[in-house]
Structure formats: structure tokens, C-alpha cells
Amino acid sequence: MSYQYQENLALDAQQRYSVKLKLIGLDICPYKVPADTWINDPKQWPAFEYQDVFHYLIKHPRTHFFLSGWVQTVFHMKTDSGHYVLKADVKPSWGVTDEPHHPWVALKKSGPVIAAHCNCMAGLRETCSHVGALLFKIEAAVRLGYTSSTCTDRPCEWNALFCKER
Ligand SMILES: [Zn+2]
């Protein structure tokens, strides 16, 4: 990572980066913090839990920067081999003019991910933030009961609105 990382960003990205650093109370870019300042001691880490991941990735898309933002309606199809492909447009967290990305994931009926992809640069490695956001939305739907056949709570409306109005 370049020591001059921040300086080499485009101007708008540089501004967002400055806002972020200010938000966490840092005067200098973490990439510039000297190596002997970093501590290796998990016992001092915050009590970070699964729900924190969830909140960061999905419930507050406007407050984070790395992750994707708005997962639109999730659509799915069944393949000949009985697997499920789910896809959604994922809009960037900022800039309404930015084009949405197009991640898709392939799941076994029992849950596990078989494959994933996205048309963004990082998506070529199958682990971009858009894929992550899509997976989290699917997981949330299951956990909140929206995928149950006995659900009476308008799952399709939830699917369309989830995240968009947070
Ligand atoms: Zn992506």
C-alpha cells in the first residue's frame, strides 16, 4: 500500500476519506501510522459481534464507505441441477448517478454458496462487497422469516424496500 495513498486518491474520494478519518478521530491516514504503533493483542479488541457486522453492512448503508450500499430487489432462478441463483442490483452508497453493480450468487437449496460473481473489478475474485451485501440481505430475509411459506408479512414488499428507506 502506498504511503501516499490518500494523496493519490481522486479529489472526491479524497474528501470522503477525510470525512471518514475525522469521523473516527484520526489526524493522519492509517496507512501512515508507524508500524510500532499497531498492537497485536486480541484481548484488547472491542466486543464486536455478528449483529455489528450486519448493521455495518446492511442497516446503515449511508454511514459506511467500503460497502456497496443499497441492495435492490433480489430475484432468483432455479438451475437445471436444482441450485438457486439469486441476483440484485446494488447501488453505490453515494452518488445517485453511479451505475449499480450486478452481483449474483449461486446457492444450494440447503444454503451453502456454490459460486458468486459481480461485474465490478473486485467481483472477479468472487468476494466483493456487492456479493457480501447480497448475501447479507438473503440471510436477513431467512432470519426474519420472510422466506417462510407461512409468512404473512408481505415478503415481496420487504424485498423491494429493504435498505432503500433506511
Ligand atoms: Zn462487486
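Under an unreviewed UniProt entry, the name given to the protein is SWIM-type domain-containing protein, and the organism recorded is Sinanodonta woodiana.

### Observations concerning the pairing of strand 6 (residues 113-117)
As judged from the 4 bridges shared by strand 5 (residues 104-107) and strand 6, these two strands associate in the antiparallel manner. Across the sheet, the residue bridging to valine 105 is alanine 116, located in strand 6. Between strand 5 and strand 6, which pair antiparallel and follow one another directly, the connecting turn spans 5 residues, one of which, glycine 111, has a positive phi of 130 degrees.

### Looking at the pattern of salt bridges
What the rule picks out here adds up to 2 salt bridges. When the shortest N-O distance is used, the salt bridge between lysine 32 and glutamate 7 registers 2.7 Å. Of this pair, lysine 32 sits in the loop between helix 2 (11-23) and helix 3 (50-59) while glutamate 7 sits in helix 1 (residues 5-8), placing them 25 residues apart in sequence. The class of glutamate 7 is partly exposed, set by a relative accessible area of 39%.

### Concerning helix 2
The first and last C-alpha atoms of helix 2 sit 18 Å apart over 13 residues, in line with the 18 Å expected at 1.5 Å per residue. Residues of helix 2 that are buried: Ala13, Tyr17, Lys20 and Leu21. Within helix 2, the buried residues cover an arc of 95 degrees as seen down the axis, which keeps them to one side. Opposite the buried face of helix 2, at more than 90 degrees from it, the exposed residues are Leu11, Gln15, Val19, Lys22 and Leu23. Check the buried side of helix 2 and you find it contacts helix 1. A positive phi of about 80 degrees marks glycine 25, the residue just after helix 2.

### Section: the side chain of glutamine 6
Locating glutamine 6 in the fold gives a position in helix 1. A polar atom in the side chain of glutamine 6 sits 3.4 Å from the side chain of serine 18.

### Focus on the nonpolar core
Nonpolar side chains in soluble globular proteins tend to end up buried together. Membership of the largest hydrophobic core comes to 16 residues, with the highest contact counts inside it found for Val71, Val74, Leu86, Val105, Val131, Leu134 and Ile138. Among the secondary structure elements, those contributing two or more residues to this core are strand 3 (84-87), strand 5 and helix 4 (129-143). Not counting residues up to four positions away in its chain, the partners in contact with leucine 134 are Val71, Val74, Leu86, Lys87, Ala88, Pro103, Trp104 and Val105.

Thresholds applied
Residues numbered from 1 in each chain as written. Predicted model: local features only at pLDDT ≥ 70, side-chain atom pairs only at ≥ 80, totals over all residues. Heavy atoms only, no water. Pairing = 2+ DSSP bridges. Helix = DSSP H or I, 4+ residues; strand = E, 2+ residues; numbered from the N terminus. Salt bridge = Lys/Arg side-chain N within 4 Å of Asp/Glu carboxyl O. Buried < 20%, exposed > 50% of the residue type's maximum accessible area, 1.4 Å probe, protein only. Expected span 1.5 Å × (residues − 1). Arc of directions from axis to C-beta. Contact = heavy atoms within 4.5 Å. Polar contact = N/O pair within 3.5 Å; in protein donor to acceptor, adjacent residues only side chain to side chain. Core = buried A, V, L, I, M, F, W, Y, C linked by side-chain atoms within 4.5 Å.

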